[in-house]
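Remarks on the overall topology
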Amino acid sequence: MATAVQKLILSPSRDIPFNKLVLSQSNVRRVKSGVSVEELAEDIARRGTLLQSLNVRPVLDSEGCETGMFEVPAGGRRYQALALLVRQKRLTKTSPVPCVVRNPSTPILAEDDSLAENTQRVALHPLDQFRAFLDMRAKGMTEEEIATAFFTTVQIVKQRLRLAAVSPTLCGIYAEDGMTLEMLMAFTVNPDHARQEQVWEAIQHSYNRQPWHIRQLLTETSLPASDKRAQFVGIEAYQAAGGEILRDLFETDDGGWLQDPALLDRLVSDKLKAIADEIAAEGWKWISVDTDLPYGHDHGLRVLTGTPVDLADDERAAREALRAEYDRLEAEYSEADELPDEIDQRLGEIEAALEAFEQRPVIYDPAEILRAGVFVSIDRDGQVVIRRGYVRPEDEAPIDAEGHEIDGVTDPAGAENAGNVQRAIITIGGQSAEPEEDDEGDVIKPLPERLVTELTAHRTLALRDAVGANPQVALTALLHKLVRDTFQRTGTSGASLQASVNHVFFREQGKDLAETSYAKSITQRHEDWKADLPADENALWDWLAMLDDASRLALLAHCVSYGVNALYERPNPFSGSGVSQSGLDRRMAEADRLARATGLDMVGVGFRPTVGNYLGRVTKPRILAAVREGAGERAAQLIDHLKKGDMAKEAERLLADSGWLPEPLRMAEHNEPATSAEGDEALPAFLADDDELSDEEDEGLQAIAAE
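Only a predicted model underlies this, so the values are computations on that prediction, with no experimental measurement involved.

Before going further, it helps to spend a moment on the overall build of the protein chain. Within the protein chain, the regular secondary structure consists of 25 helices and 16 strands. Intrachain contacts of the protein chain at a sequence separation of at least 6 include 74% that bridge at least 24 residues. For the protein chain, the exposed surface amounts to about 41500 Å²; the carbon and sulfur share of it is 52%.

Bringing the packing of helix α4 (residues 126–138) against helix α7 (residues 168–175) into the picture now. Axis separation between α4 and α7 bottoms out at 10 Å; the angle between their running directions is 145 degrees. In this structure, α4 contributes Pro126, Leu127, Phe130 and Arg131 to the contact, and α7 contributes Cys171, Tyr174 and Ala175. Each residue belonging to the contact of α4 with α7 can be placed in one class, and the counts come to six nonpolar, no polar and one charged.

Turning our attention to the UniProt feature "coiled-coil region" (unreviewed entry) in the protein chain. When the UniProt feature table is mapped to this numbering, "coiled-coil region" (unreviewed entry) covers residues 312–339. Helix makes up 71% of residues 312–339 and strand 0%. Its end C-alpha atoms lie 34 Å apart.

With that settled, the discussion passes to the sheet that holds strand β2 (residues 21–23). Judged by pairing direction, the sheet is mixed, and its five strands sit side by side in the order β1-β5-β3-β4-β2 without closing on themselves. The sheet terminates laterally at β1 (13–17) and β2, the two strands that pair on one side only. Strand after strand, the sheet turns through a mean of 50 degrees between neighbouring axes, direction not considered. Relative to strand β5 (residues 96–101), strand β3 (residues 54–60) is paired through three bridges, and the arrangement is parallel. Its bridge partner being in β5, Asn55 is matched across the sheet by Val100. Packing against the sheet, helix α2 (residues 76–87) makes contact with β2, β3, β4 (66–74) and β5, and its axis sits at approximately 120 degrees to β2.

Take the packing of helix α14 (residues 313–332) against helix α15 (residues 341–358) next. Here α14 crosses α15 at 145 degrees, and the two axes come no closer than 10 Å. The element α14 and its partner α15 pack so that their crossing is left-handed. The segment α14 lies against α15, with Glu315, Ala318, Arg319, Leu322, Arg323, Glu325, Tyr326 and Leu329 engaging Ile343, Arg346, Leu347, Ile350, Glu351, Ala353, Leu354, Phe357 and Glu358. The residue inventory of the contact of α14 with α15, partitioned by class, reads 10 nonpolar, no polar and seven charged.

Let us now look at the pattern of salt bridges. Between side chains of opposite charge, a pair can form as their charged atoms come close. Under the definition given, this model contains 30 salt bridges. Where Asp270 meets Arg266, a salt bridge forms, and the shortest distance between an N and an O atom there is 3.7 Å. In this pair, Asp270 and Arg266 are both assigned in helix α13 (residues 261–280), four residues apart and thus about one turn of the helix distant. In this structure Asp270 comes out as partly exposed when scored by relative accessible area, which is 43%. With its nearest N and O atoms 2.7 Å apart, the salt bridge here joins Arg371 to Glu368. Under the relative-accessibility criterion, Arg371 is labelled buried at 8%. Residues joined by salt bridges that share partners form a network here, namely Arg302, Glu368, Arg371 and Glu396.

On the basis of which strands lie adjacent, the open sheet formed by three strands has the order β6-β8-β7 and antiparallel pairing. Two strands close off the open sheet at either side, each with one partner strand: β6 (223–224) and β7 (245–246). In this structure, β6 lies alongside strand β8 (residues 257–258), joined through two bridges in antiparallel fashion. Within the sheet, the bridge partner assigned to Leu223 lies in β8 and is Leu258.

This part is about the nonpolar core. Core analysis: the largest hydrophobic core is formed by 50 residues, its most contacted members being Leu461, Leu463, Met602, Phe607, Tyr614, Val627 and Ile639. Elements that contribute at least two residues to this core include exactly α17 (449–468), α19 (517–532), α21 (549–561), α22 (581–598), α23 (620–631), α24 (633–639) and α25 (644–655). The dominant element in this core, judged by the number of residues it contributes, is α17, at eight residues. If we skip the residues at most four places from it in the chain, Leu461 touches Phe506, Leu513, Tyr518, Ala519 and Ile522.

For α14, with 20 residues, the first-to-last C-alpha span of 29 Å sits near the 28 Å given by 1.5 Å per residue. Those residues of α14 that fall on the buried side of the exposure criterion are Arg319, Leu322, Tyr326 and Leu329. Along α14, the residues classed as buried sweep out an arc of 95 degrees about the axis, all on the same side. Of the exposed residues in α14, those oriented more than 90 degrees away from the buried face are Asp313, Asp314 and Ala331. Each element contacted by the buried residues of α14 is listed here: α15.

Now for the confidence of the model for the protein chain. Across the protein chain, the average pLDDT comes to 77, with 78% of residues at or above 70. The element-level mean pLDDT for the protein chain is lowest in helix α18 (residues 471–487), coming to 63, with strand β13 (residues 373–378) highest at 92. Predicted confidence is poor over residues 408–419, with pLDDT under 50, and the contacts of this stretch with residues over four places away or in other chains come to 11 contacts. Confidence over residues 486–499 falls short of pLDDT 50; this stretch has 11 contacts with residues more than four positions distant or in other chains.

Thresholds, definitions, all that
Residues numbered from 1 in each chain as written. Predicted model: local features only at pLDDT ≥ 70, side-chain atom pairs only at ≥ 80, totals over all residues. Heavy atoms only, no water. Helix = DSSP H or I, 4+ residues; strand = E, 2+ residues; numbered from the N terminus. Contact = heavy atoms within 4.5 Å. Areas by Shrake-Rupley, 256 points an atom, 1.4 Å probe, with all protein chains shown as cover. Axes fitted to C-alpha atoms, helices over the stretch in contact; angles between N-to-C directions. Nonpolar A, V, L, I, M, F, W, Y, C, P; charged D, E, K, R; others polar. UniProt positions renumbered as here; feature names shortened; annotations may be inferred. Pairing = 2+ DSSP bridges. Left-handed = near helix turned anticlockwise from the far one by under 90°. Salt bridge = Lys/Arg side-chain N within 4 Å of Asp/Glu carboxyl O. Buried < 20%, exposed > 50% of the residue type's maximum accessible area, 1.4 Å probe, protein only. Core = buried A, V, L, I, M, F, W, Y, C linked by side-chain atoms within 4.5 Å. Expected span 1.5 Å × (residues − 1). Arc of directions from axis to C-beta. pLDDT = per-residue confidence, 0-100.

Laid out in structure tokens, this is it:
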């Protein structure tokens, strides 16, 4: 038997004058919720129509006949909004209102209609609202117009638009309840869809999916605007140079994140260079500039004592007046539990003014300025810090045979120019601030002395590790020292046993030195021994006496290793400080001997030429020479058209597994002369102008350089 299909009867629709409508007491909505009646009235007025008709029923008299009036059980808020427009004279009382008229004989209660209309609807998903805002803006509406239309703020509209602009993949996950709204908000901090998806891939199965962690991952390659470098340059200057800033519309971001750290570093360098150029006009010999001066940067340097500039009479009077005012205010409010705001502010102003008097310029001896230098850096608040008057040991005045200073000569290499204002040597981050010359052609200039010192610091530390791990070599080295002291009568000083280990510290070092395998090996070995050594001297003697031979040799090797010094430094024959040329030659020859004895291989212990430790510090001809020697002529030709920065990066890749080493790290040939004549000031071979590198082509190379 066929099943009867229920026939749907649609209620008729008709326009009814507003003054024929009354609000039904059957409307179930009693509590105010959602958009206010006022906002709904404004929206109806803006559109000029109702988006949804009123659900009405005829009002019957006592005999069941229609009275011509209609009650509104469903659509009460729309009715109230229309009533408000009538009261505001923006709608006439007889204006027709679209209504759906229910048959009064229906068994469905009016309360049923009212309840169904309010419960049988699904609220709009937030993502649909975000996308709707985005569509409206794409079709010509401004953010201000959207905000006005939906009675919200422009900031909220911006937030919704930003949410809609998140990766479609992530929006889909949010739509399927795969992430929370707060998590989606966190993804808006970085507009890069690929990066957003990469972060989600990393955290989606992690226990840590907190919004703050998402923001942290999305901004890890950026710099916060609170960084002292950003404060030093200024956000406006960064943006004027084309820099972009990531902003978080949902959380306090302290100014956002700077997306181009390389640009910021260049702006910092340029500004510091301009400051250094101004200071250079004062006649200093050198100026060392760095955003963060390394620990111990002034170790071993003599500090000049200057004389502060005298105050003028009016300045002295102003200072005394400020001090008197400060003392008066302190005495007046000494019993107060809390200072009034205006008094507290005034005391701060007086303190700042008095501090300015104390920080007045200092006058130095012109002769001392010629041999001294200046440190320039940035403090934590982004303010420049200038520290004048530091003399390096090698720049001290020359000493004659009787120990007296030689007047009139502060720089032996340029004594003929002693009467002229010298040009300060400016270094930024340890590198020369002089621009690279474009017309240098194929000339390979000597390596910068600081770079040589940094490279030999690597070799010194690697040698220490090798000697510390080789008791036999360490014992031989110590015995060698003792035999020379005993039989050759070399000068010694110190404790009762004329043998000692002088710790050599690296005043100039690359930023990667502490992270090398040999540095970590030495540190670990030292900590292991330190944990076992007794603190008391007598107990230490007994402890050493009880050690087995193998342990004694191992400890001896470790201690001897701390005396290894293979550092390059500029020869200084004019003073008792520093090292002579013959002393430097002897040092390097003995370092080679230790390297051969321990079998040290700088490539084997992990040294690789990088942009930071070599390739970014030398000229383009030297980069090409390194690639030509390490990877072949073909590789050099692939990168010879690149700019220096790109060339250095490609060279790092090409040389990574080549086994190539900078000249200061190579083992000298065993038959090379170990020393030179006393007083010979010729530079080591790796600093000479005429060094020629091999251009032999590696036929097996299959490298492809970036264009």
